[in-house]
Structure formats: structure tokens, C-alpha cells
Amino acid sequence: MSRFSENLPFDYGHYFAAAAQFLHRYRWIFCSSNTKFIRCGVLDKLPQEWINDLHGVSNEEFNQIPLGLVKSWCDSFKAFIHDVQQLQVRYDEHDNNHRPVARKGISAKKAYEIENLCSFIEKTRSSQDPAIFVDFGSGLGYLSELIHERCSLQVLGIEGNAQLVQTCNKRQTELCSTSTYPVQYCHHFITHESFNFIEKELSTRFGIPSERSTACIAGLHACADLSITAIDCFLQCDWAKKLTVMPCCYHRMKTLHESDGACIFENIPLSNKLREALATDNRNTISRPFLRLGCQQTAARWKVRTAEEHMQHGRVMFRRGLVEAILDADESVHVGKMKQVPEETTVQNVLDQFTLRKQAGDERQECPWTDRHREKLSVLLERYGSENGPRLAEYLECLQTCLQSICENVILLDRMCYLEDAASRIDGLQIRRNLVRLRDDGLSPRCFVFYAAKV
């Protein structure tokens, strides 16, 4: 297991080389989306000896597998679990003593994320830091307001959704009795062309001469490529003194090229070290399903599932995979909700749950299921079994949960390696940096704070 900490150098090249080799070997586990795992034959790639081992575990043991449980299993399965544990990274953790403030319309998960990011900003703040924060992707403004309340700072929230900005501005007029609002919101979609614009907005809105404008960057949901834009803003702009963001939604990152399910992404790999480790295997490893897995549930959420929850999830996943596997290229389905997924999976109750749609010109029209669909579904059910299929689907989910942290490690460490390399090429620039993990990653999959400061 590797260690990443603020005051320790990290051997990115060694980690990426080991992770790339491992991910290439087991890419069948994450090579397709979880709606297409039957169509792509993923269940057929599950080693029979692994299936036999998994058949024999209790629910408590099943929940502990992504956390490193090893029993008297076959050598290949023990080797897989061993390699998973070797590729874990131990990060500094953030302790938050504040209880999340209940706010109308905010879920417990969202309140937890807001509270933890704000408390981290408080913890890392020094008297030399700028008195202004720029909130990248400020949404409904709850983080911006909490930063002001807790730290007595001015905040500029920048949001690409005009309606959310309007809502935030209206709330500010109700909360603030003065004509100069300490928290202000701007409708703007942030790109790499925005850096000068942001500097001018800071100067205009808060009355600071442009040449003396300084600020810190924050971002609660630094979705897709936004956290990389924030990194580049921190590196390129003299006014940006500190960066504190929570990256998320890696699967929404922009592609430069996409064909036959293979993608070349604009912002991964970012670092030369990851690019070298992947060599010619970029398209096979760095895929949309790989990025999606990196931001899915963690092992902390997996370990509390009951046997009934596992079976229910397996049934849902298996049924969705079955219906996807019988569709033609011009067909799709609408998923109908069911109060309770039937214990037995049959041709009829699967088709009853899904509405078939077919492309007709520019529209999709509802169509009846055909005998051909029923025959294909019947063959698949006979092949995998009505009872065994859901278990196999949940076994696949277990293996993906084992890989989740490794995928996220690669994504985040690639960004940190890029940050360090880019900073080292700027004359006179010295930085502190860290990746900090929130303690309760069972409540929220957004469990990392990406932090950098100029010194």
C-alpha cells in the first residue's frame, strides 16, 4: 500500500506502472457499462473457480471482499485480492467537528459535502490568505454562503445555470440589508478562456484594483473537466493563491475522439507519467466505464448491504442486462418502475417491465415485443439461469467495487502529478499540495478534497 501526504513525495511512475498492468489484466471487469455486461459477454469471463469461491461465502464475508478479506480460495482469486490491496493508497483524512446544518431542500449527503468542504477550508486557512473566494460552479450557493458565514470572507459564485444564479441573487437581497453584498453570483460558464474575466469580476464587484486582486478557488461539485480547469487557473493566474475542490462525475469528461465504444479523452491522461505507463493501451483502459466506476459507490457503502439488498440489486442489474442484450442497434427501452422485483425472472415479467422503442426518422416510437425478442431472451435465461443470473450480476458488482478505489486513485493522482510537473516548470513557483479523504465515504461518493496552495 502506498502513502500520499502533504509532506511526502509520491512515486507516481511506480504506482501508474503497477496500476496500468493490473487494470489491463482485469479490464473485462469494467470494460462495458452495467447495462451491457451480458451483451458484451462479461459473465462468461468470470472464472468458474471464482464463482465457486463466491458461492461459498456468507453475506458478511461477501461484504468484506472489497476491503481485502482473504479465505482459502483458489490461487487466482487470492492473487486478485492481494493485488487490489497492494494498489490501495492511504491518504490524510479530514476530521470535521461540525454537524451539518439542516437546510430546506438539501439532502443529508449534500449537507455533509458542503459542511466538510467548508470545514476543510477553515482548517487550512491562514492569516496571509486572500479575503475572497471564487466558487467554481456555485449551484444554489449554499457553499458560498457557508464560507462567508464561517470565515467572514467575500465570495464570488460563478454558475453556468442562469436560473440558479437568479435564485441565489434573490436570496441575497433577502438575507443582506446592505447594498454591497459579501456574497455575489455571476452567470458564466467557466472555461480556460475565463481567467481574465474572473479577475475583472473580482475587481469590479469588490472594489479591488485589478493588479492587487487575489482570491482562493473553491469547488464543491467540480464536475467532469471543471476541476482540471480550476487546476490550470490556479497555475496560470497570479491572482489565484489557493485551490480547494472536490472533483466528481469523471465519466462526463470531454472526448477528443470516440468510435466503437473506445474513447480518447481531452483531459486524461494528463500527466506524462500516466501516459507512459499506459503506453498504447490508453483507449482500452481509460474508457467511459472506467471513469464511471471511479465515481461510483465505495467499499464503505458496499460493506453494509444486507443479503436481501444484494439479491434485489442483482435482480435489477440482471434484468436490465438481459433486455439490453436482446435489442437491435435502432432499439432502446424505457424502464418501468416496479415496487418489488419478482424473485423469479421470466421472459414475460422481464418484458412487462420494459417498453420497447424503435427509431423512426427523428422520433422514437413505442413498439410491441416480437417473437424474436422472446426467443433471444429465453436462450439467455436458459444459459445463465433465473436464480443464478442475479447472483452472477452481483458477483460482478463486487469485483467492480474492489476496483473502484484503484480507478479513482489513477484519475486523481494523474491530476496531482500534472499539477506538480506543471508547477515545477514555472519559475519561482512553490506549492503545497494534498489529496485528503473525508472519513465518511459511505455517505457520499465525493470523498476527496484536492488541495493546492502557493507559498
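- For the protein chain, the name recorded in an unreviewed UniProt entry is Methyltranfer_dom domain-containing protein, with Anopheles dirus as its organism.

1. Focus on empty space enclosed by the protein
Reasoning step 1: Tallied over the entire structure, the rule returns five cavities of 30 Å³ or more.
Reasoning step 2: Approximately 40 Å³ is the volume attributed to the second largest cavity.
Reasoning step 3: Considering the residues around the second largest cavity, the lining is formed by Ile121, Thr124, Arg125, Asp129, Phe133, Cys216, Lys242 and Thr244.
Reasoning step 4: For the lining of the second largest cavity, the elements supplying multiple residues, two or more each, are α5 (108–124) and β7 (240–248).
Reasoning step 5: Here the lining of the second largest cavity is built from residues that sort into three nonpolar, two polar and three charged.

2. Examining the pairing of strand β4 (residues 154–159)
Reasoning step 1: Most of β4 is tucked away: five of the six residues are buried.
Reasoning step 2: The pairing of strand β3 (residues 132–136) with β4 spans five bridges and is parallel. Opposite Phe136, over in β4, you have Ile158 as the bridge partner.
Reasoning step 3: This β-α-β element, β3 to helix α6 (residues 142–151) to β4, shows right-handed connectivity.
Reasoning step 4: When β4 meets strand β5 (residues 183–187), the two strands line up parallel, connected through five bridges. Opposite Leu156, over in β5, you have Gln184 as the bridge partner.

3. Some thoughts on the pattern of salt bridges
Reasoning step 1: Per the counting criterion, the structure on display carries 18 salt bridges.
Reasoning step 2: Taking the shortest distance from any N to any O, the salt bridge between Glu145 and Arg171 comes out at 2.7 Å. Highlighted residues: Glu145 in helix α6 and Arg171 in helix α7 (residues 162–175), separated in sequence by 26 residues. The same class applies to Glu145 as to Arg171, namely buried.
Reasoning step 3: Note that Arg372 and Glu331 form a salt bridge whose closest N and O atoms lie 3.8 Å from each other. Taken together, the residues Arg372 in helix α16 (residues 371–384) and Glu331 in strand β10 (residues 331–335) connect sequence positions 41 residues apart.

Calculation notes
- Residues numbered from 1 in each chain as written.
- Predicted model: local features only at pLDDT ≥ 70, side-chain atom pairs only at ≥ 80, totals over all residues.
- Heavy atoms only, no water.
- 1 Å grid on protein atoms, 1.4 Å probe; cavity = no way out; pocket = protein on both sides within 12 Å on 5 of 7 lines; lining within 4 Å.
- Points joined across faces, edges and corners; volume = space filled by probe spheres on them.
- Helix = DSSP H or I, 4+ residues; strand = E, 2+ residues; numbered from the N terminus.
- Nonpolar A, V, L, I, M, F, W, Y, C, P; charged D, E, K, R; others polar.
- Buried < 20%, exposed > 50% of the residue type's maximum accessible area, 1.4 Å probe, protein only.
- Pairing = 2+ DSSP bridges.
- Right-handed = clockwise from strand over helix to strand, strands pointing away.
- Salt bridge = Lys/Arg side-chain N within 4 Å of Asp/Glu carboxyl O.

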